[in-house]
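Letter by letter, the chains look like this.
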Amino acid sequence: EAVLDERDEKLRETAANALTAKVGDKRAPSYIIKAFHRYRPGRDALLKNLAYVKDITSAEFLVEQVDNDDPKVKKAAIETLMLLTGEEATESDEWRRIVDVLRARPDWRGSPDLPKVPDARRDRGALQRNGEESIPTSAGR
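(A) Focus on the overall build of the protein. The helix and strand tally for the protein stands at seven helices and two strands. Taken from N to C terminus, the helices and strands of the protein fall in the order α-α-α-α-α-α-α-β-β. Counting only residues that meet the buried cut, the protein has 35% of its 141 residues in that class. Of the contacts made within the protein by residues no fewer than 6 positions apart, 55% connect residues no fewer than 24 positions apart. Only carbon and sulfur atoms are counted for the fraction: they give 49% of the accessible area of the protein, which is about 9,200 Å².

What follows is the structure in structure tokens.
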């Protein structure tokens, strides 16, 4: 609620940071994007919190902000994209090409058309049969 409704930009940014960096809430990117559209003050600081969650929708949104008229927002979008992707670019067209490549990677959330890669720690119980671990294969899907 604080990310979406808090009028004080510092409190809004702190709430966004808590959701992304501390809690890892999967809904945080959508809240941050909504808050970005809702409030003008503190937009640049709010964007930086998108670096904590590998989410293709966040990356696409950040690419849009590379063309923003506000130089602080543009700078924050580029810096956040660099942290998020590990890539370097300065123009939105370059970033769009990078995001297109990332979209095909299964480790990026928000790619519903791609098969899910099992997480060994999370899915350990689902991968066990008769007390022995089994490794999923493409034939088993």
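(B) Quick look at the side chain of Arg43. You can see Arg43 is positioned in helix α4 (residues 43-47). The charged side chain of Arg43 is buried without a salt bridge, its nearest counter-charge being Asp70 at 6.3 Å. Only 2.9 Å separates the side chain of Arg43 from the backbone oxygen of Phe36, close enough to count as a polar contact. Setting aside residues up to four positions removed in sequence, Arg43 forms contacts with Phe36, His37 and Val73.

(C) Quick look at the pattern of salt bridges. A complete count under the given rule lists seven salt bridges for this structure. A salt bridge links Arg103 to Glu60, with the shortest nitrogen-to-oxygen separation between them at 2.3 Å. Here Arg103 is found in helix α7 (residues 92-103), whereas its partner Glu60 is found in helix α5 (residues 56-65), with 43 residues between them in sequence. The exposure class of Glu60 is partly exposed, given its relative accessible area of 29%. A salt bridge links Asp107 to Arg105; the shortest N-O distance between them is 2.7 Å. Through salt bridges with shared partners, one network takes in Lys54, Arg105 and Asp107.

Parameters and conventions
- Counting of residues starts from 1 at the beginning of each chain's written sequence and follows it residue by residue.
- The predicted nature of this model means local features are confined to residues of pLDDT at least 70 and side-chain atom pairs, given and counted, to a pLDDT of 80 or more, with totals for whole chains, interfaces and linings taken over all residues.
- Excluding hydrogens and water, the side-chain figures rest on all heavy atoms present in the structure.
- Under the scheme used here, helices are H or I runs from DSSP no shorter than 4 residues and strands are E runs no shorter than 2 residues, and both carry numbers assigned from the N terminus.
- Per-residue accessibility, obtained with a 1.4 Å probe over protein chains only, is compared with the maximum for each type, and a residue is labelled buried under 20%, exposed over 50%, and partly exposed between these values.
- Between two residues, a contact is recorded if the distance between any of their heavy atoms is within 4.5 Å.
- Surface accessibility in these figures is a Shrake-Rupley result with a 1.4 Å probe; residues are shielded only by whichever protein chains are displayed.
- Counted as positive: Lys and Arg. Counted as negative: Asp and Glu, with His and the chain ends omitted from the count.
- When a carboxyl oxygen of Asp or Glu lies within 4 Å of a side-chain nitrogen of Lys or Arg, that pair is called a salt bridge.
- By the criterion applied in these results, polar contacts are pairs of N or O atoms within 3.5 Å in which, for protein atoms, one can donate a hydrogen and the other can accept it, and in which residues neighboring in sequence qualify only through two side-chain atoms.

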